[in-house]
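# Residue-level structure breakdown
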Amino acid sequence: MPPFHKHTHRKRDGRELLLYSWAPLEDPPLPEPEEAPAPSSHLRYHPLRRAWAVYTPHRQGRTFLPPEEHCPLCPSRPGGFPTEIPFPRFQVAVFQNRFPAFVETPPAPPSLPVPTAPAWGRCEVVVYTPRHTGSLATLSQEERLLLLWALRDRYQVLYALEGVRFVMPFENRGEAIGVTLHHPHGQIYAYPFVPPLLEREAEAFRERPVLLELLPHLGPYSVDREGGFLAFVPPFAHFPYEVWVVPEAFHPGLWTLSEGEMEALARLLGRTVARLDALFGEPMPYVMLFHAAPKGEEAHFHFHVEFLPVLRDKGRRKYLAGTELGAGAFTVDVLPEEAARRLREV
Ligand SMILES: [Zn+2]
Ligand SMILES: [Zn+2]
């Protein structure tokens, strides 16, 4: 039995909203906003890069940095602005994205000189807390743990969908990353294909247990440790101050962790964000990725969480430019062992 409660609500426009909580929530729903625009995504294949991309013209109209009183991720209040969550109270909320890249009933793709496909899949928004400000570092341990249980539930539900090949929870944090809403939240994409970076990681894990082989040698790269998890700067980091959080024993995903390991991971993720924020004395803009096994790769793929921060110094961001965008070869200004030392000492 999972230790949390899950309440399912069907929104007026047909989208699903899930409320996760430690104790049952029984409030009746409040009025909801207008109908969502019809999604019009499709996939196109890049014949040279050999990768699918999603084309989503409808996403241009999405909500951009609204003032706090019009935040769509705050709880709704009786008589107030109707938010995405028509309940006065919640702890963690997950709902289908109003501006999704992937949908369960995509339109037929256009016929083009390159292969196209329906953008079938699912995109969800994960609201970490009812409070408008905060981060993984400032949530309470109880809130972070509930968030991880909600993600674990999403993995199980989404991987059970026939056409889903890969599920990725992620967080874009900070305006430098292009965040359009400040309320602490992440997203989940359930892809109908294994994206290229994951295909490569899965291929590497099929050949060797890369992370298990690396773990005994990470002393100078380690940043923090908690209950069977290690936070470290990979010796091969592509971003200055990149941090990975990895279980020291093999796990393909959140879904195989014990309750104690879930708690340890929740604590270590919080401390890792606190360290990144302390580094330059400002909230670190980053992309956080959960890399669990794509479907069919559960025997070899070692679960890990990657933080890719974009600052290389206070107020100075790392841009992906000529060699990174044009050749896929990164230049890195900070040695990973030096980054690890600084993150250990903050
Ligand atoms: Zn808000
Ligand atoms: Zn990865």
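Here, the structure is the one placed above.
The paragraphs below set out a description of the structure included in this document.

## Side note on the overall build of the protein
Assigned secondary structure in the protein consists of six helices and 16 strands. Taken against the 2.2 N^0.38 rule, which gives 20 Å for 346 residues, the C-alpha radius of gyration of the protein at 20 Å falls within 12% of a compact globule. Principal-axis analysis of the C-alpha atoms gives the protein an extent of 55 × 50 × 45 Å. Separation between the mean location of the 36 positive side-chain charges and that of the 41 negative ones in the protein comes to 3 Å.

## Notes on the sheet that holds strand S12 (residues 243-247)
Pairing is antiparallel across the open sheet formed by eleven strands, whose spatial order is S1-S2-S5-S7-S9-S8-S13-S14-S12-S11-S10. At either end of the open sheet lies a strand with only one pairing partner, and these are strand S1 (5-10) and strand S10 (222-226). Averaged over all adjacent pairs, the angle separating strand axes in this sheet is 20°, with direction ignored. Inspection of the sheet shows S12 paired to strand S14 (residues 304-309) by three bridges, in the antiparallel sense.

## Concerning the coordination of the zinc ion (ligand 2)
The coordination sphere of the zinc ion (ligand 2) contains the protein donors Glu 201 (OE), Glu 201 (OE), His 291 (ND1), His 304 (NE2) and Glu 306 (OE), at a distance range of 2.0 to 2.4 Å. Binding-site remark: the zinc ion (ligand 2) is held by donors from one chain whose sequence spacing is E-x89-H-x12-H-x1-E. In this pair, His 291 sits in strand S13 (residues 286-291) while His 304 sits in strand S14, placing the two residues 13 residues apart along the sequence. Given a relative accessible area of 3%, His 291 falls into the buried group. In this structure His 304 comes out as buried when scored by relative accessible area, which is 0%.

## Details of the coordination of the zinc ion (ligand 1)
Protein coordination of the zinc ion (ligand 1) is provided by Cys 71 (SG), Cys 74 (SG), His 132 (ND1) and His 183 (ND1), with donor distances spanning 2.1 to 2.3 Å. One way to put it: the four donor atoms around the zinc ion (ligand 1) meet at angles of 103 to 117°, and that makes the site tetrahedral. Along the chain, the residues that donate to the zinc ion (ligand 1) are spaced as C-x2-C-x57-H-x50-H. Remark: His 132 occurs in the loop between strand S7 (122-127) and helix H1 (141-159) and Cys 71 occurs in the loop between strand S4 (51-55) and strand S5 (92-96); sequence separation between them is 61 residues. The class of Cys 71 is buried, set by a relative accessible area of 4%. Classification of His 132 by relative accessible area gives buried; the value is 15%.

## What about the nonpolar core?
Core analysis: the largest hydrophobic core is formed by 87 residues, its most contacted members being Phe 102, Val 245, Leu 254, Leu 265, Phe 290 and Phe 307. Per-element tally for this core: the top contributor is H1, with ten residues. Non-local contacts of Phe 102, meaning those with residues more than four positions away in its chain, are made with Leu 43, Val 54, Ala 119, Trp 120, Gly 121, Arg 122, Cys 123, Tyr 189, Ala 190, Tyr 191, Pro 192 and Phe 193. Counting residues in hydrophobic clusters, the runner-up holds 13 residues, among them Leu 17, Ala 93, Phe 95 and Val 127.

## Describing helix H2 (residues 196-207)
Here H2 contains twelve residues, and its C-alpha end-to-end distance of 17 Å stays within 8% of the 16 Å for a straight helix at 1.5 Å per residue. Those residues of H2 that fall on the buried side of the exposure criterion are Leu 198, Glu 201, Ala 202 and Phe 205. With its buried residues spanning 100° around the axis, H2 presents them on a single face. Exposed side chains of H2 directed beyond 90 degrees from the buried face belong to Arg 200 and Glu 207. Elements in contact with the buried residues of H2: strand S8 (166-173), helix H3 (210-214), S13 and S14.

Conventions used here
Residues numbered from 1 in each chain as written. Chains lettered and ligands numbered in written order. Predicted model: local features only at pLDDT ≥ 70, side-chain atom pairs only at ≥ 80, totals over all residues. Heavy atoms only, no water. Helix = DSSP H or I, 4+ residues; strand = E, 2+ residues; numbered from the N terminus. Rg over C-alpha atoms; globule rule 2.2 N^0.38 Å. Lys, Arg positive; Asp, Glu negative; His and termini not counted. Charge placed at Lys NZ, Arg CZ, Asp CG, Glu CD. Pairing = 2+ DSSP bridges. Axes fitted to C-alpha atoms, helices over the stretch in contact; angles between N-to-C directions. Donors = N, O, S within 2.8 Å, 3.2 Å for Na, K, Ca; no water. Buried < 20%, exposed > 50% of the residue type's maximum accessible area, 1.4 Å probe, protein only. Tetrahedral: all angles 85-135°; square planar, octahedral: opposite > 155°, others 65-115°. Core = buried A, V, L, I, M, F, W, Y, C linked by side-chain atoms within 4.5 Å. Contact = heavy atoms within 4.5 Å. Expected span 1.5 Å × (residues − 1). Arc of directions from axis to C-beta.

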